[in-house]
Amino acid sequence: MRLSRYFLPTLKEDPKEAQIVSHRLMLRAGMIQQASAGIYSWLPLGHRVLKKIEQIVREEQDKAGAIEILMPTIQSADLWRQSNRYDDYGKEMLRIEDRHGREMLYGPTNEELVTDIFRTHVKSYKDLPLNLYHIQWKFRDEVRPRFGVMRGREFLMKDAYSFDMDYEGAKIAYNRMFVAYLKTYARMGLQAIPLRADTGPIGGDLSHEFIILADTGESEVFYHKDILGLKTPEDKDYSPDELQGIVDEWTSYYAAADEMHDADNCPISGDELVSRRGIEVGHIFHFGQKYSAPFEANVTGPDGKDVTVSMGSYGIGVSRLVGGIIEACHDENGIIWPEAVAPFKVGLINLKTGDEACDQACEDFYGKLQSAGVEVLYDDRNERAGGKFANMDLIGLPWQVTIGPRGLKSGVVEFKNRATGEKTELSPEDALQRLVG
Ligand code: 5CA
């Protein structure tokens, strides 16, 4: 992509409304624009990151055996009356009336709708286990939407729903998602800590939140320092026993959010206990028959008797993760994208647009990266070098290649690692090799 043809409305000044660094940087880097409180348009750079995160989430869900569907954002109130959540959800639910006076709502989550799909089609134990997920916008009329996409009113969530014959089956589904989540966050360059959590309005007796550490996190978390040293699960199909082993290993270390942490009865103390702030980027629940019972989501078991299925639900805050990653990965100059979610892998800077040798070398480099399938943003604008450097640092692409007249005379380009700031002079061929390999 040529910057001269792109739509990247960056801001020089810090926007006043932004209280935390991710919100400030997302606005400054031209990633989002507020449409109304807690509701955002995703501009090209932000949209690319959102899609990358979504794709990683999707791939890991698919690998874990979940099957993608797409349910609507608008749902009927009647379904929610069947689970008794229509009234329970209170003011957080955005209620809408259609032209025929029918009560509708903008879905804050999808337990009811997915259970309705399930009960319509699945009648036999032979069709289990089943895990259906979608990646869809949700709406929660938060009292205080804030921190940009971190606590929005409209936000993108991945939500998966598992159906099993009994608790043992549901526990395997739960563990499989637990392990998939650890892998998902690791692929984004994040280490997530699972915390035993309160289940809130979703309900159920077993639940974990996944949080990433960042100074601006909304909750205080307490954990055993060694939990950060645990290994990410491998990319393979684990047996139920192996899954349980991984979950047991992670949950054997103390980790709790402030509302669950009891300083007087905490099993660890001293320098083993670390306290930091965290951002909740996922939440998984096992809630048994809370929805399947009122919806009569039953299947016939091997003995011919009806069984009410045991369910769990598993959420990941896809749009929140965009902000969360920035909170975890930035410096005073801007964003530092982990490569897996970066909007482009390389930023190419032409130091002297209009200079024949520079233009030609840049075009050549740009063309080669493109044919090798490397995502590159080429700053071909006729702007001051200082402004171009600051802009590239702000938008945080992992690698910067600068081509200028002086370097070209000695046959080199400047190759910079955004994360470490390390700069090397390389021949264009060597620079290409590093980026393509
Ligand atoms: N039905 C369950 C699991 S699918 C559920 O809704 N869980 S949740 O309420 O915990 O939401 C799942 C994830 O969505 C959270 O962990 C969080 O990362 C994200 N999320 C929740 N509310 C917001 C919000 N207002 N803005 C941005 N992300 C949010």
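Since we're looking at a predicted model, the values are computed, not measured. (Residues numbered from 1 in each chain as written. Predicted model: local features only at pLDDT ≥ 70, side-chain atom pairs only at ≥ 80, totals over all residues. Heavy atoms only, no water.)

Caption draft 1: Summary view of the side chain of Thr-184. With respect to the secondary-structure elements, Thr-184 resides in helix α6 (residues 167-187). Given the relative accessible area of 0%, Thr-184 is considered buried. (Helix = DSSP H or I, 4+ residues; strand = E, 2+ residues; numbered from the N terminus. Buried < 20%, exposed > 50% of the residue type's maximum accessible area, 1.4 Å probe, protein only.)

Caption draft 2: Layout of the pairing of strand β9 (residues 192-196). Along β9, 4 of the 5 residues are buried, which leaves the element largely enclosed by surrounding structure. Bridging between β9 and strand β10 (residues 206-213) involves 5 bridges; their strand directions are antiparallel. Counterpart to Pro-194 in the pairing with β10 is Phe-210. (Pairing = 2+ DSSP bridges.)

Caption draft 3: Representation of the environment of Ala-37 in the model. Within the secondary structure layout, Ala-37 lies in the loop between β1 (32-36) and β2 (39-42). Sequence separation of Ala-37 and Lys-368 is 331 residues, and the distance between their C-alpha atoms is 43 Å.

Caption draft 4: Geometry of the packing of helix α1 (residues 21-28) against helix α8 (residues 318-328). As a packed pair, α1 and α8 sit with axes 8 Å apart at the nearest point and diverge in direction by 105°. The angle between the axes of α1 and α8 places the two elements in the roughly perpendicular class. In this structure, α1 uses Val-21, Ser-22, Leu-25 and Met-26 to contact α8, whose residues at the interface are Val-322, Gly-323, Ile-326 and Glu-327. Of the residues in the contact of α1 with α8, the class split is 5 nonpolar, 2 polar and 1 charged. (Axes fitted to C-alpha atoms, helices over the stretch in contact; angles between N-to-C directions. Parallel < 35°, antiparallel > 145°, perpendicular 65-115°, else oblique. Contact = heavy atoms within 4.5 Å. Nonpolar A, V, L, I, M, F, W, Y, C, P; charged D, E, K, R; others polar.)

Caption draft 5: Spatial organisation of the site of the ligand. Near the ligand you find 22 residues, and of these Thr-109, Glu-111, Arg-140, Gly-152 and Glu-280 are the closest. Contact distances for the ligand include 2.7 Å between a nitrogen atom and a side-chain N or O atom of Thr-109. In the environment of the ligand, a nitrogen atom lies 2.7 Å from a nitrogen or oxygen atom belonging to the side chain of Glu-111. Broken down by secondary-structure element, the contributors of at least two residues to the shell around the ligand are β8 (154-164), β13 (273-288) and β16 (310-317). Of the residues that constitute the shell around the ligand, the class distribution is 8 nonpolar, 7 polar and 7 charged. (Near = heavy atom within 4 Å. Polar contact = N/O pair within 3.5 Å; in protein donor to acceptor, adjacent residues only side chain to side chain.)

Caption draft 6: Summary view of the sheet that holds strand β6 (residues 103-106). Read from one edge to the other, the open sheet built from 3 strands follows the order β4-β6-β5, with strand pairing classed as antiparallel. Where the open sheet ends on each side, the last strands, each with one partner, are β4 (74-76) and β5 (94-97). Across the sheet, the axes of successive neighbouring strands diverge by a mean angle of 40°, strand direction being ignored.

Caption draft 7: Spatial organisation of the pairing of β5. Pairing geometry for β5 and β6, over 4 bridges, is antiparallel. Along β6, the bridge assignment pairs Arg-95 with Leu-105. Counted along the chain from β5 to the antiparallel partner β6, the turn is 5 residues long, and its residue Gly-101 has a positive phi close to 80°.

Caption draft 8: Looking closely at the sheet that holds strand β21 (residues 399-403). Strands sit in the order β20-β19-β21-β22-β23 across an open sheet of 5 strands; the sheet is mixed. At either margin of the open sheet sits one strand with a lone partner, and together these are β20 (376-379) and β23 (423-426). Averaged over neighbouring strand pairs, the angle between their axes works out to 20° when direction is ignored. Of the strand pairs in this sheet, β21 and strand β22 (residues 413-417) are connected by 4 bridges, and their pairing is antiparallel. By the bridge assignment, Val-401 is partnered in β22 with Phe-415.

Caption draft 9: Just unusual backbone geometry, in detail. In this structure, the amide linkage connecting Leu-128 to the following residue, Pro-129, adopts the cis form with an omega of 0°. Tracing the sequence through the fold places Pro-129 in the loop between α5 (111-121) and β7 (130-139). The phi dihedral of Asn-84 is positive, around 70°, even though this residue is not glycine. Mapped onto the elements of the fold, Asn-84 is located in the loop between α3 (77-82) and α4 (85-88). One non-glycine residue, Glu-296, lies in the positive phi region at around 50°. Following the sequence through the fold, Glu-296 ends up in the loop between β13 and β14 (298-300).

Caption draft 10: Seen up close, the packing of aromatic side chains. Inspection of every chain in the model, using the stated rule, returns 12 aromatic pairs. Seen in terms of ring centroids, Tyr-106 and Phe-139 are 5.6 Å apart; in terms of plane orientation they differ by 50°. Their pairing is tilted. Taken as a pair, Tyr-106 in strand β6 and Phe-139 in strand β7 lie far apart in primary sequence, 33 residues in all. You can call Tyr-106 buried: its relative accessible area is 12%. Three or more aromatic residues joined by ring pairs form one cluster here, namely Phe-178, Tyr-181, Tyr-185 and Phe-210. Sitting over the face of the ring of Phe-344, Arg-48 holds its NZ or CZ atom 3.9 Å from the ring centroid. Its guanidinium or amino end placed over the ring of Tyr-86, Arg-95 lies 4.5 Å from that ring's centre, counting from NZ or CZ. (Phe/Tyr/Trp six-rings, centres within 6.5 Å; stacked < 30°, edge-to-face > 60°. Lys NZ or Arg CZ within 6 Å of the ring centre and 35° of its normal.)

Caption draft 11: Structural context of the pattern of salt bridges. Taken as a whole, this structure holds 35 salt bridges when the rule is applied. Residues Glu-54 and Lys-51 are paired through a salt bridge, measuring 3.3 Å at the closest nitrogen-oxygen approach. Of the two residues, Glu-54 and Lys-51 both sit in helix α2 (residues 44-63), 3 residues apart, roughly one turn of that helix. Since its relative accessible area comes to 8%, Glu-54 is described here as buried. Its relative accessible area of 40% is what places Lys-51 among the partly exposed residues. For Lys-345, the salt bridge identified is with Glu-339, shortest N-O distance 3.6 Å. (Salt bridge = Lys/Arg side-chain N within 4 Å of Asp/Glu carboxyl O.)

Caption draft 12: Representation of the nonpolar core within the structure. Core analysis: the biggest nonpolar cluster contains 82 residues, and Met-31, Ile-53, Tyr-185, Met-188, Val-322 and Trp-337 have the highest contact counts within it. Element by element, the count of residues in this core is highest for α6, at 9 residues. Ignoring anything within four residues of it in the chain, the contact list for Val-322 reads Met-26, Met-31, Trp-42, Val-49, Leu-50, Ile-53 and Trp-337. With 25 residues, the next largest nonpolar core counts Leu-113, Leu-132, Phe-285 and Phe-287 among its residues. (Core = buried A, V, L, I, M, F, W, Y, C linked by side-chain atoms within 4.5 Å.)

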